[in-house]
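If you want the building blocks of each chain, they are given just below.
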Amino acid sequence: MVNMTDYRETIEKELPFTEEEMEQLDKAKNMPITFDEDCPETTPERALKFRRVNPPRKTSAPA
């Protein structure tokens, strides 16, 4: 069984982020999402019009 306290400390030590980058990530995490004219919020009506760019492939039966 893994001790989550020790595991978290190990992960934090191994993260490749600098202290400044971690501060920026924390700041970004707490910022609200904002929409502008170039990227408006999607409404349910507009979401229904979306199409997949790459539809799933039909898998063939094993030979």
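Keep in mind that what you see is a predicted model, and the values were worked out from it rather than measured.

## Some details on the overall build of the protein chain
Stage number 1. In terms of helices and strands, the protein chain carries three helices and zero strands.
Stage number 2. When its helices and strands are written in sequence order, the protein chain yields α-α-α.
Stage number 3. For the protein chain, the computed accessible surface area is about 7,200 Å², with 55% contributed by carbon and sulfur atoms.

## A word on a negative patch on the surface
Stage number 1. On the surface, E19, E20, E21 and E23 cluster together into a negatively charged patch.
Stage number 2. Its relative accessible area of 54% is what places E20 among the exposed residues.

## Concerning the confidence of the model for the protein chain
Stage number 1. Predicted confidence across the protein chain gives a mean pLDDT of 80, with 79% of residues reaching 70 or more.
Stage number 2. Averaged over each element, pLDDT in the protein chain is lowest for helix α1 (residues 4-14) (69) and highest for helix α2 (residues 19-29) (90).

Calculation rules
Residues numbered from 1 in each chain as written. Predicted model: local features only at pLDDT ≥ 70, side-chain atom pairs only at ≥ 80, totals over all residues. Heavy atoms only, no water. Helix = DSSP H or I, 4+ residues; strand = E, 2+ residues; numbered from the N terminus. Areas by Shrake-Rupley, 256 points an atom, 1.4 Å probe, with all protein chains shown as cover. Patch = residues over 30% accessible without salt bridge, like charges linked within 9 Å, V, L, I, M, F, W, Y side chains within 5 Å. Salt bridge = Lys/Arg side-chain N within 4 Å of Asp/Glu carboxyl O. Lys, Arg positive; Asp, Glu negative; His and termini not counted. Charge placed at Lys NZ, Arg CZ, Asp CG, Glu CD. Buried < 20%, exposed > 50% of the residue type's maximum accessible area, 1.4 Å probe, protein only. pLDDT = per-residue confidence, 0-100.

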